[in-house]
Amino acid sequence: TKSGDATEGPTDDYTLNPVNAVQFFFPEGTQSVSIPVTTVNDTLFEENEIIRFTMGTTIHADILNGTQVREITIRTDDPPPTVTLFQDGVASIAEEATHGTTSMLVTARLSEVSGKDVVVSLAATGNAKINIDYSLSSPAITILKGETSGTIIVTALPDTLNEHDETITLTISG
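Calculation criteria
- Throughout this description, residue numbers start from 1 for each chain and increase along the sequence as written.
- Reporting in this predicted model follows two pLDDT cut-offs: at least 70 for local features of residues, and 80 or more for side-chain atom pairs to be given and counted; totals over whole chains, interfaces and linings ignore these cut-offs and use all residues.
- The side-chain values count all of the structure's non-hydrogen atoms but skip hydrogen atoms and water molecules.
- Buriedness for pockets is judged along seven lines, at least five of which must meet protein on both sides within 12 Å for an open set on the 1 Å grid over protein atoms alone, while cavities are sets there where a 1.4 Å probe fits but cannot get out, and lining residues have an atom within 4 Å of a point.
- Grid points are joined across faces, edges and corners, and a volume is the space filled by probe spheres set on the points.
- Here a strand is any run of E in DSSP of at least two residues, a helix any run of H or I of at least four, and the numbering for each starts at the N terminus.
- Each residue gets one label: Ala, Val, Leu, Ile, Met, Phe, Trp, Tyr, Cys and Pro are nonpolar, Asp, Glu, Lys and Arg are charged, and the others, such as Gly, are polar.
- The working definition used for a salt bridge is a side-chain nitrogen of Lys or Arg within 4 Å of a carboxyl oxygen of Asp or Glu.
- Throughout this description, buried means an accessible area under 20% of the type-specific maximum (1.4 Å probe, protein chains only), exposed means over 50%, and partly exposed covers the range between.

Caption draft 1: Highlighting the layout of surface pockets. Taken as a whole, the second largest pocket encloses approximately 670 Å³ of empty space. Surrounding the second largest pocket, 26 residues form its lining, Ser 92, Ile 93, Glu 166, Thr 167 and Ile 168 being those nearest its centre. When contributions to the lining of the second largest pocket are tallied by element, the ones reaching two or more residues are strand E6 (83-87), strand E7 (103-110), strand E11 (149-156) and strand E12 (169-172). A per-element tally of the lining of the second largest pocket places E6 first, with three residues. Considering only residue class, the lining of the second largest pocket consists of 14 nonpolar, six polar and six charged.

Encoded structure:
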């Protein structure tokens, strides 16, 4: 039987010849057979994957030392995608709804789909103070495996101080 987290198929992780091979036939007089495993070259940044072959029952032979298992690791060779931050078109937010929009979306976008979750840690600088002048829905943006973007919300917090405009600069950290 075959198992593991790699997927067989011409557009997946690997192919077998013959396709979907699950039985090995030993012609009379031979002691070994080979089934070619060909990896599929994709561009998806992902974890290494494993194909596991387990020898089950046999006909006209015994399995030496019980169950035999062989694993093949498919190593990823694709670079990780790049990430860019965008805001939703709003240039500023107001402390009070009577003075304009009080929140904005900040989106992290990947250059291409990733085969694993991407966490974009954010650093906030500027003269506005977090949890006093504004809040972030999260200190990081998570882009789920198979997606190309994720968002957080920046919300201005109202206060009664008479003060100048304050700034927040979000940058990717780490």
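Still more ground to cover, so stick around.
Caption draft 2: Spotlight on the pattern of salt bridges. Enumeration according to the criterion identifies two salt bridges in this entry. Measuring nitrogen to oxygen at the nearest pair gives 3.3 Å for the salt bridge that ties Glu 47 to Lys 116. Of the two residues, Glu 47 is situated in the loop between strand E3 (37-39) and strand E4 (49-55) and Lys 116 in the loop between E7 and strand E8 (118-125); the sequence distance between them amounts to 69 residues. Owing to a relative accessible area of 24%, Lys 116 belongs among the partly exposed residues under this scheme. The shortest N-O distance in the salt bridge between Glu 71 and Arg 52 comes to 2.7 Å. Taken together, the residues Glu 71 in strand E5 (residues 68-74) and Arg 52 in strand E4 connect sequence positions 19 residues apart.

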